[in-house]
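# Breakdown of the fold
One letter stands for each residue in the lines below.
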Amino acid sequence: MEWDALLLSRLQFAFTIGFHIIFPAFTIGLASFLAVLEGLWLFTKKPIFKNLYLFWVKIFALSFGMGVVSGVVMSYQFGTNWSLFSSITGSVIGPLLAYEVLTAFFLEASFLGIMLFGWKRVGPGLHFFSTCMVAIGTLISAFWILAANSWMQTPQGWTWADDGTMIATSFVDVIFNPSLPSRFAHMVLAAYLTTAMVVAGASAFALLKKKALPESRMALRMAVLMMAIVTPIQIMVGHESGIVAGHHQPAKVAALEGWWTTRTQQPTVLIGWPDEEAETNHFEVAIPGLGSTVNNAGPDVVLPGLDQFAEQDRPPVWITFWAFRIMVGMGLIMLTLGLWGAAAWALKRLDTAAWYHRALVLAAPSGFIAVLTGWITAEVGRQPYIVYGVLRTADAVSPVSAGSVATSLIFFIVVYAIVFSAGALYILRLMAKGPETDEPPPQSKQPPGTPLGAAIGEAS
């Protein structure tokens, strides 16, 4: 490993996108959650849904703002650190990113102000419409970003121009590339689960602290319902995404599975310590033959291991292997908590299950961890290509010095540590405060005939 401009540029992009992605992953789900809350308030006229909306919309506004800021910083790197990538693929990637701005960002910007500041200035119908438009805008934004990234994973619909750049021969093929459907669904469901885990954790914390009990109980039920229903679907969609990767990116699948040898009846490696020099897994615990079954391959189908690829064409195995297992582990935690919550709900113990509430508080960040490790699996597993099988990452970096990239990386680390830490702490403080409630405060029990003033005097 050489600390050159290539490695530092990759680290800088990984750092900025790592900060950025946690905010869209949260706001995509939270915008839809807000639309559901406002719709339920309009339909039922119950103030509990309005109180929850007014509480979570403040958190949405902060998260959305930090997501926009971090996204702008990240986009600049296409010109500063990855200018060759931009010049070579710009005719294909550029329009997709422009469509994201023209459709999603403009839609969100048009209605966000009404959503945040128009509660008492416009009618309830227009305000609900604005909330829905912002929610739809976040989904459209995710579609275009995933279309661009999925094309980089499974490129099609393009050809080489005479000047050595890529041009699109069919934008329909570029947009609807083989990996887009499963990856887009996987990302949207991940965003919904991320939001569900945060809402569940915040609601469970409020119940433990006896705050806004009606609102907290309702939000917890909505989060548990989302977890119990969506997590199994997410596992199936993730499986389908893995099957697509197996067809188009076999080196990535071999790395995340820990397969070093090409063979039939590949195992499922539960844990192990990949050794790229020795080309083996130390301390391996595996289930023979299950890997082929999971990857929809018959017992006589040969599945490629890493030995089928030249060393310079393999992704970093250790990072890909462990990022994938952390992502799967977070998914299993969400599945367990969803089923646990559904069982507690059925037994009418959801409101009083203190140990379950504590588990939800601890697991609140699990969605963010799953999203980050999932993106690490996808992006590191694509290496050494920036456009898989076509353009190597080393051939896409800007001709800049390592010192200049290192300087900007240090600057980003310092600024992000200050700004985003302050923003995250403020969001956590808002969550800890809990929503407002129309429930009257509990009355103190006084002995018969004891005036309240006398009781206060005795207590003091």
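In short, a report on the structure.

Parameters at a glance
- Residues numbered from 1 in each chain as written.
- Predicted model: local features only at pLDDT ≥ 70, side-chain atom pairs only at ≥ 80, totals over all residues.
- Heavy atoms only, no water.
- Helix = DSSP H or I, 4+ residues; strand = E, 2+ residues; numbered from the N terminus.
- Contact = heavy atoms within 4.5 Å.
- Areas by Shrake-Rupley, 256 points an atom, 1.4 Å probe, with all protein chains shown as cover.
- Lys, Arg positive; Asp, Glu negative; His and termini not counted.
- Charge placed at Lys NZ, Arg CZ, Asp CG, Glu CD.
- Buried < 20%, exposed > 50% of the residue type's maximum accessible area, 1.4 Å probe, protein only.
- Pairing = 2+ DSSP bridges.
- 1 Å grid on protein atoms, 1.4 Å probe; cavity = no way out; pocket = protein on both sides within 12 Å on 5 of 7 lines; lining within 4 Å.
- Points joined across faces, edges and corners; volume = space filled by probe spheres on them.
- Nonpolar A, V, L, I, M, F, W, Y, C, P; charged D, E, K, R; others polar.
- Salt bridge = Lys/Arg side-chain N within 4 Å of Asp/Glu carboxyl O.
- Axes fitted to C-alpha atoms, helices over the stretch in contact; angles between N-to-C directions.
- Parallel < 35°, antiparallel > 145°, perpendicular 65-115°, else oblique.
- Patch = residues over 30% accessible without salt bridge, like charges linked within 9 Å, V, L, I, M, F, W, Y side chains within 5 Å.

The helix and strand inventory of the protein chain stands at 14 helices and eight strands. Overall, the C-alpha framework of the protein chain stretches about 90 × 50 × 40 Å when taken along its three principal axes. Counted over contacts in the protein chain with a minimum sequence separation of 6, partners at least 24 positions apart contribute 78%. Looking at the protein chain as shown, the accessible area adds up to about 22,000 Å², and 69% of this sits on carbon and sulfur atoms. Here the protein chain holds 25 positive side-chain charges and 27 negative ones, and the gap between their average locations is 20 Å.

For the rest of this paragraph, the subject is the environment of Trp318. Along the polypeptide, Trp318 turns up in helix H10 (residues 317–346). Relative accessible area serves as the criterion here: at 35%, Trp318 is assigned to the partly exposed category.

A regular strand places its side chains so that they alternate between the two faces of the sheet. Judged from the six bridges that link them, strand E4 (residues 268–275) and strand E5 (residues 280–287) form a sheet pairing that is antiparallel. Paired with Asp275 across the strands is Thr280, a residue of E5. With antiparallel pairing between neighbouring strands as the criterion, E4 and E5 make up a hairpin whose turn holds four residues, including Glu279 at a positive phi of roughly 55°.

This brings us to empty space enclosed by the protein. Here the structure, examined in full by the defined rule, presents one cavity of 30 Å³ or more. The calculated volume of the largest cavity comes to roughly 60 Å³. Every residue along the wall of the largest cavity is listed here: Leu52, Phe55, Trp56, Ala202, Ser203, Ala206, Glu215, Ser216, Ala219, Met431, Gly434 and Pro435. For the lining of the largest cavity, the class distribution of residues is eight nonpolar, three polar and one charged.

Estimated volume of the second largest pocket: approximately 1,300 Å³. Lining the second largest pocket are 50 residues, with His186, Gly238, Phe324, Met327 and Val328 positioned closest to its centre. Counting residues per element, the ones that place at least two in the lining of the second largest pocket are helix H4 (124–153), helix H6 (180–208), helix H7 (213–248), helix H8 (250–257), E4, helix H9 (290–294), H10 and helix H12 (366–382). At ten residues, the largest contribution of residues to the lining of the second largest pocket is made by H7. Partitioning the lining of the second largest pocket into residue classes produces 26 nonpolar, 20 polar and four charged.

In this section: the side chain of Glu38. Its location among the elements puts Glu38 in helix H1 (residues 5–44). For the buried Glu38, which has no salt bridge, the nearest side chain bearing the opposite charge is Lys50, at an N-O separation of 9.6 Å.

Contact geometry for H4 and H12: axes closest at 10 Å, N-to-C directions at 40°. Classed by the angle they form, the pair H4 and H12 counts as oblique. For the pair H4 and H12, contact is made by Leu146, Asn149, Met152 and Gln153 and by Trp375, Ala378, Glu379 and Arg382, respectively. Residues belonging to the contact of H4 with H12 are distributed by class as follows: four nonpolar, two polar and two charged.

Relative to the elements of secondary structure, Leu335 occurs in helix H10. Classification of Leu335 by relative accessible area gives partly exposed; the value is 21%. Separated by 106 residues in sequence, Leu335 and Ile229 have C-alpha atoms that sit 9.1 Å apart. Those residues in contact with Leu335, other than ones at most four positions away along the chain, are Thr231, Pro232 and Ile235.

It is worth spelling out a nonpolar patch on the surface at this point. Nonpolar side chains collect at one region of the surface, where Leu270, Ile271, Val285, Ile287, Leu290 and Val294 lie side by side and expose about 440 Å² of accessible area between them. Listing elements by their share of the nonpolar patch, those giving two or more residues are E4, E5 and H9. If you trace the backbone, Leu290 turns up in helix H9.

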